[in-house]
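Residue strings, one per chain:
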Amino acid sequence: MQTESSPFEPLICINRIDETADAATFEFKKIDDSLFEYKAGQFLTFEVDVAGELEYRAYSLSSTPSKPQTAAVTIKRVAGGKVSNYLLDNLQAGFALPAMAPAGEFTLEDNQSTTELLLMSAGSGITPCMSMARWLLDTQQQVNIHFIYSARSEADVIMADTLDALNEQYDNFSLTRILEQTDNPNDIQGMLDAPLFEKLIPDNRGRTIFTCGPAPYMQAVEHLAESMGFDMALFHKESFVPEAADNETSESGVNYQVAAPQYGKNFVVDENQSLLDALEAAGVPIISACRTGFCGACKCKVTGEVQSSSQETLTAEQIEQGYVLSCSAKASSDLVVEI
Ligand SMILES: Cc1cc2nc3c(=O)[nH]c(=O)nc-3n(C[C@H](O)[C@H](O)[C@H](O)COP(=O)(O)OP(=O)(O)OC[C@H]3O[C@@H](n4cnc5c(N)ncnc54)[C@H](O)[C@@H]3O)c2cc1C
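Just so it is clear, the model here is predicted, and its values are computed rather than measured.

### What about the site of the ligand?
Now for step 1: Around the ligand sit 20 residues in total, of which Ala58, Tyr59, Val83, Ser84 and Thr127 are the nearest.
Now for step 2: Threonine 74 places a polar main-chain atom, nitrogen or oxygen, 2.9 Å from a nitrogen atom of the ligand.
Now for step 3: Take threonine 127: an N or O atom from its side chain is 2.8 Å from an oxygen atom of the ligand.
Now for step 4: Protein chains shield 73% of the accessible area of the ligand, which is 900 Å² for the free molecule.
Now for step 5: The set of elements that each furnish at least two residues to the shell around the ligand consists of β4 (53–60), β5 (71–76) and α1 (82–90).

### Digging into the nonpolar core
Now for step 1: Core analysis: the biggest nonpolar cluster contains 31 residues, and Leu119, Ile126, Ile145, Phe147, Leu163 and Phe173 have the highest contact counts within it.
Now for step 2: Broken down by secondary-structure element, the contributors of at least two residues to this core are β7 (116–122), α2 (126–138), β8 (144–153), α3 (160–169), β9 (173–181) and β11 (208–212).
Now for step 3: In terms of residue count, the dominant contributor to this core is α2 (eight residues).
Now for step 4: In contact with isoleucine 126, not counting residues within four places along its chain, are Ser121, Phe147, Tyr149, Ile158, Met159 and Leu163.
Now for step 5: The next biggest cluster of nonpolar side chains, apart from the first, holds 23 residues, and it includes Tyr256, Val324, Cys327 and Leu335.

### Here we look at the domain arrangement of the protein chain
Now for step 1: Looking at the assigned domains, one finds that the protein chain contains domain 1 (9–99), domain 2 (116–238) and domain 3 (246–338).
Now for step 2: In this complex, domain 1 contributes 18 residues to the contact, which on the side of domain 2 involves 17 residues.
Now for step 3: Taken together, both faces of the contact between domain 1 and domain 2 bury some 1,300 Å²; the carbon and sulfur share is 59%.
Now for step 4: Per-residue buried area on domain 1 facing domain 2 is highest for Thr20, Ser62 and Lys76; these three make up 30% of the total on that side.
Now for step 5: Taken together, the links from domain 1 to domain 2 amount to one salt bridge.
Now for step 6: Between the two partners, domain 1 and domain 2, sit five residue pairs in polar contact (both at pLDDT 80 or more).
Now for step 7: Only β1 (9–20), β2 (23–30) and β5 provide two or more residues apiece to the side of domain 1 that touches domain 2.
Now for step 8: Of the residues belonging to the side of domain 1 that touches domain 2, the class tally is six nonpolar, nine polar and three charged.

### Comments concerning the sheet that holds strand β19 (residues 335–338)
Strand pairing in a sheet is mediated by backbone hydrogen bonds. Such pairs are either parallel or antiparallel.
Now for step 1: Here five strands make up an open sheet; going across it, the order is β14-β13-β19-β15-β17 and the pairing mixed. For this open sheet the edge positions go to β14 (265–270) and β17 (323–325), each flanked by a neighbour on one side alone. Taken over all neighbouring pairs, the strand axes of this sheet differ in orientation by 40° on average, direction set aside.
Now for step 2: Alignment of strand β13 (residues 255–260) against β19, held across two bridges, turns out to be parallel. In the strand pairing of β19, valine 258 is matched with leucine 335.

### Description of the sheet that holds strand β12 (residues 235–238)
Now for step 1: Spatially, the six strands line up as an open sheet ordered β10-β9-β8-β7-β11-β12, and their pairing is parallel. Across the chains shown, the open sheet's two edge strands, defined by having one partner strand only, are β10 (188–189) and β12.
Now for step 2: Direction of pairing for β9 relative to β10: parallel, over a ladder of two bridges. Across the sheet, residue leucine 179 finds its bridge partner in β10, namely glutamine 189.

Conventions adopted
Residues numbered from 1 in each chain as written. Predicted model: local features only at pLDDT ≥ 70, side-chain atom pairs only at ≥ 80, totals over all residues. Heavy atoms only, no water. Near = heavy atom within 4 Å. Polar contact = N/O pair within 3.5 Å; in protein donor to acceptor, adjacent residues only side chain to side chain. Areas by Shrake-Rupley, 256 points an atom, 1.4 Å probe, with all protein chains shown as cover. Helix = DSSP H or I, 4+ residues; strand = E, 2+ residues; numbered from the N terminus. Core = buried A, V, L, I, M, F, W, Y, C linked by side-chain atoms within 4.5 Å. Buried < 20%, exposed > 50% of the residue type's maximum accessible area, 1.4 Å probe, protein only. Contact = heavy atoms within 4.5 Å. Domains from an automatic or database assignment. Buried area = accessible area lost by both parts, 1.4 Å probe. Salt bridge = Lys/Arg side-chain N within 4 Å of Asp/Glu carboxyl O. Nonpolar A, V, L, I, M, F, W, Y, C, P; charged D, E, K, R; others polar. Pairing = 2+ DSSP bridges. Axes fitted to C-alpha atoms, helices over the stretch in contact; angles between N-to-C directions.

Spelled out as structure tokens, the structure:
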């Protein structure tokens, strides 16, 4: 039940499942018991009050849209991380948490895909892959899924029971767990490398790969897929951490004036700086989450000229009205901004 003025809707946490020592699944329902609508692979952006400061973080849904009465996210602690630690230390059944509508395009529907799927994940990156697997199997789609999950040890396998249950229940689902340390003969010990990948996938380079995990893991998967002749039009990845390069653009010295009259702010922005960075630096209270142009949280309305590298989640009408994603917009004239 989002309103005109707020894109957030309170969700009620109804269940917490501690998956590992540092990860838990939180199941939510809506206050009015209405149904969730999302695509497997999408994420929710939560607004979290940590010691009086509002923070915004995206968490992929790990549940299946085919059971829409509830929706779940699975959160893993990040060392020193503000929100992940706060939620794992505090969020319990009965608590309400504001969330934006599901968003994101790391989905089967939004990407070229075939009936032979490799869902490859590591760490907390399991969440969108789990949602896809659950949805495909629950809706009895004619697909074959090879689910390859990497973790440090058996104790670090997130949603281990669910993976085992899917492996047991469905003939068209097979599970490979690659663990750095393990005594379990059903697991593969080591790290994903070319000989192992070749052994796991000796044939059919026409499989669709969806992968999510830490950046080095995804780089390795992408490199292996490319070097082993996979069709890279069928390779899709999701990153949980903003691209570092986005924050490292150097200033050009060409500046434009920006006014945010709602907040009484006037400041300058370099033509190479993202509008989001400039708004934050000027103290304008703008919401942001993914900072890579796909969650839509940092949307604002501008009068003036900008270069946009992403317009994800914006409707044609909003674009016409001057809305941009401030993380993906750079000024090319003086601007007036409304949040
Ligand atoms: C589309 C999307 C979906 C996501 N889905 C999930 C999910 O399903 N489960 C989940 O646990 N997280 C998920 N995340 C990551 C999540 O949004 C947060 O970034 C994460 O919980 C860390 O937030 P924090 O406040 O604890 O850390 P922060 O205080 O923001 O960061 C602390 C430090 O950790 C680094 N850092 C931030 N995020 C990560 C990360 N993921 N891995 C390693 N280092 C990091 C930062 O660069 C910083 O140095 C997703 C992110 C995106 C963009």
